[in-house]
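# A closer look at the structure
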Amino acid sequence: MKSMPKKPAFFLDTQICTGCKTCIVACIDKNDLDTGVRWRRVVEFTGGEWNPRPDGTYTQTVFSYYVSVSCNHCAEPICVEVCPTTAMHQDGQGIVSIDQDKCIGCKYCHWACPYSAPQYESAKGLMSKCNFCADEVKTGGTPACVAACPTRALAFGEYDELLKLSARQHAMAPLPDEKLTAPVSVFKPHKMGQALKSTAGQIANPEEIKDA
Amino acid sequence: MRDHGSLVLFTLSVQTAVGGVWCLQFASFGGVHIWERPDFRYQLGLILFLSIVGLGGAFLHLGNPLNSYHVFKNLKQSWLSREIALVGAFGGMVIIMIGVTQTQGGLLHDGILLLGSLTGGMAVVAMTRVYRLRTVPSWNHAGTPLAFLGSTLLLGGLLCTVPLHLQTWPTLTNPGVLAHDNYLKVIWFACAIAGLACKFLVAGIHSRTSADSQTSPVHQPVYQAGGLAAWMIYILINGNPGWQSLLLILTACGLISGETIHRIQFYQSYRRVGL
């Protein structure tokens, strides 16, 4: 039987992610989340243009890729840092979880997290977030989002092992600068992946990913 | 950031209360025996009322206030935890101040007032630090502490002037009382001017750092300039009490409207990096 990795992390190969959002649906279904509460979200980043050439033909630099993001269980989690009650806490394996018995629903963690990982459940007046589907993982399973991914773009495992799958990690728009919170996750960049803070593209589905 | 009404209430109420204590402290530094003044208790009462209103606003903001007894558990790391602790301590200091007004104090009174001013100052510092998040560049700049300091001085001066006016209404014909009260009015007006100077600096920083706001940026300076003009006329014209009251009402309306708009704009300017 598998057990929780020593330093668990998600991996996303943005080259093969099709943006189908099955991961979101699986997460909502597994965790029975309310409408509008999304522990995982898929961001579509798109841009580029068509440039006319003197002979009347066109060249193009159009690109579009998807980034499926949930909590990155950062090494320097700002949500843990700002939480007044210690409801948001990090264990020895680096997993950031929330103790709802202590949460006051001030939403300060949500303001601070650059990934919008902590989500507000208005029905309960509390925050909630991804916990790697700890119950599944303890019984030898994988997180629901990873298990459901039809293209196997998403993976879950030991952080150090996942790092070997990508020459560089995380340095891609529209993700924030990793120096802010030191996320413990690996994003294999898309071949058209734009540099951090790139203004060449934009999030194409802002309404879809905005907070409830 | 759609539910920021309660936070506007919390921050403005507490900053006004702290500003009120600071203004009393400045008057004390200026040689005024404020503990012996009849309006002092009114001022402290208003300050306590605003502190309670502020804390009530903070409670309204919470999704689950029943768990709020946990809020002091992260004093080591969280500025929000420190802010709540310091605002609570400030409220406690105001209660002590009200309690000791009945006693003969002298040095003890001055010490308690100073301690209250310092606790309030630390509460405002903690309040500014809450918004200095490294992931929120639209707040993480010098404009945030300046704006909060400006509001504290501006509204504090106003808060102290209102009970002074109410208390001295019947004695306006006494030249001795008038001269003394005018001195206080000038001290507190100077606090407000210092607050407004902070606000001007904020306007410069704000225009460089962001932010598209849904509220017209023109309204706030217009209200505040109108409020200050009315205040200046109130000081200069020591005549009909009715006119003076009207001027003070205009001052309060202008300044409070301006500050409220500015604070709403502050919350609307929230822009986080990332997703």
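That block above? That's the structure.
Structural notes, computed from the coordinates.

Calculation notes
- Residues numbered from 1 in each chain as written.
- Chains lettered and ligands numbered in written order.
- Predicted model: local features only at pLDDT ≥ 70, side-chain atom pairs only at ≥ 80, totals over all residues.
- Helix = DSSP H or I, 4+ residues; strand = E, 2+ residues; numbered from the N terminus.
- Rg over C-alpha atoms; globule rule 2.2 N^0.38 Å.
- Buried ≥ 20, exposed ≤ 12 C-beta atoms within 10 Å, placed from the backbone.
- Contact = placed C-beta atoms within 7 Å.
- Pairing = 2+ DSSP bridges.
- Axes fitted to C-alpha atoms, helices over the stretch in contact; angles between N-to-C directions.
- Expected span 1.5 Å × (residues − 1).
- Arc of directions from axis to C-beta.
- Core = buried A, V, L, I, M, F, W, Y, C linked by C-beta atoms within 7 Å.
- Parallel < 35°, antiparallel > 145°, perpendicular 65-115°, else oblique.
- Left-handed = near helix turned anticlockwise from the far one by under 90°.

### Structural notes on the overall build of chain A
Within chain A one finds seven helices and twelve strands. Taken over C-alpha atoms, the radius of gyration comes to 18 Å for chain A, in line with the 17 Å a tight globule of 212 residues would show. Here the C-alpha coordinates of chain A stretch approximately 70 × 40 × 30 Å along the principal axes. Residues classed as buried in chain A amount to 44% of the 212 residues present.

### Description of the overall build of chain B
The helix and strand inventory of chain B stands at eight helices and zero strands. Mapped from its N terminus to its C terminus, chain B presents α and β elements in the order α-α-α-α-α-α-α-α. Evaluated residue by residue, chain B yields a buried proportion of 41% over its 275 residues.

### A word on the interface of chain B and chain A
Taken together, the 24 residues of chain B in the interface contact 28 residues of chain A. In terms of residues, the side of chain B that touches chain A owes the most to one element, helix α3 (residues 79-100) of chain B, which gives three residues.

### Brief notes about unusual backbone geometry
Negative phi values dominate among residues other than glycine, just as trans dominates among peptide bonds. Residues and elements named next belong to chain A. A cis amide bond links Ala173 to the next residue, Pro174, at an omega of 5 degrees. Within the element layout of this structure, Pro174 appears in the loop between α6 (159-163) and β11 (186-188). Phi is positive for Lys21, which is not a glycine, with a value near 70 degrees. With respect to the secondary-structure elements, Lys21 resides in the loop between β1 (8-13) and α1 (22-31). Positive phi is not limited to glycine here, since Thr86 has a value of about 65 degrees. On the secondary structure map, Thr86 appears in the loop between α2 (78-82) and β6 (88-90). On the neighbour-count criterion, Thr86 (18 C-beta atoms within 10 Å) is partly exposed.

### Let's talk about the sheet that holds strand β12 (residues 201-203) of chain A
Strand pairs in the sheet, formed through backbone hydrogen bonds, run parallel or antiparallel to each other. Residues and elements named next belong to chain A. A sheet is described by the order of its strands in space; here three strands give the open sequence β5-β2-β12, paired in antiparallel fashion. Two strands close off the open sheet at either side, each with one partner strand: β5 (63-69) and β12. Between one strand and the next, the sheet's axes are offset by a mean angle of 25 degrees, whatever the strand orientation.

### Section: the environment of Pro183 of chain A
Residues and elements named next belong to chain A. Note that Pro183 resides in the loop between α6 and β11. Taking the C-beta count within 10 Å as the criterion, Pro183 has 25 such neighbours and is therefore assigned buried. Spatially, the C-alpha atom of Pro183 lies 8.7 Å from that of Cys71, the residues being 112 residues apart in sequence.

### Quick look at helix α2 (residues 40-61) of chain B
All names here are of chain B. Taking 1.5 Å per residue, 22 residues should reach 32 Å; α2 reaches 32 Å between its end C-alpha atoms and fits that length. Along α2, the residues that are buried comprise Phe40, Gln43, Leu44, Ile47, Leu50, Ser51, Gly54 and Ala58. Summarising the axial view, the buried residues of α2 lie within an arc of 120 degrees, below the 170-degree limit, and thus occupy one face.

### Considerations on the sheet that holds β1 of chain A
All names here are of chain A. The three strands are arranged β10-β1-β11 in an open sheet whose pairing can be described as mixed. Of all strands in the sheet, those with a lone pairing partner are β10 (154-158) and β11, marking the two edges. Taking the axes of each pair of neighbouring strands and ignoring which way they run, one obtains an average angle of 20 degrees across the sheet. One ladder, built from five bridges, connects β1 with β10; its direction is antiparallel.

### Looking at the nonpolar core
Ranked by internal contacts, the top residues of the largest apolar core, which has 121 residues, are Cys79, Cys109 and Ala112 of chain A together with Ala192 of chain B. Those residues within four positions of Ala112 of chain A in sequence are excluded, and the remaining contacts are Ile78, Cys79 and Val82 of chain A together with Leu133 and Thr135 of chain B.

### Comments concerning the environment of Gly193 of chain A
Residue and element names in this part refer to chain A. Inspection of the secondary structure puts Gly193 in the loop between β11 and β12. For Gly193, a count of 22 C-beta atoms within 10 Å puts it in the buried group. Taking the C-alpha atoms as reference, Gly193 lies 25 Å from Arg53; in sequence the two are 140 residues apart. The residues contacting Gly193, other than those within four sequence positions of it, are Thr14, Tyr65 and Met172.

### A few points about the pairing of strand β2 (residues 41-47) of chain A
Residues and elements named next belong to chain A. Relative to β5, β2 runs antiparallel, the two being bridged by seven bridges. Bridge pairing links Val43 to Val67 in β5. Of the strand pairs in this sheet, β2 and β12 are connected by three bridges, and their pairing is antiparallel. When the bridges of β12 are listed, Gly47 appears paired with Gly201.

### Thoughts on the packing of helix α1 (residues 5-29) of chain B against α2 of chain B
Residue and element names in this part refer to chain B. The interhelical angle for the contact between α1 and α2, taken along N-to-C directions, is 155 degrees, at an axis separation of 7 Å. Between α1 and α2, the interaxial angle falls into the category roughly antiparallel. For the crossing formed where α1 meets α2, the hand is left-handed. Here Ser6, Leu7, Leu9, Phe10, Ser13, Val14, Thr16, Ala17, Gly20, Val21 and Leu24 of α1 lie close against α2, whose contacting residues are Gln43, Leu46, Ile47, Leu50, Ser51, Val53, Gly54, Gly57, Ala58, Leu60 and His61.

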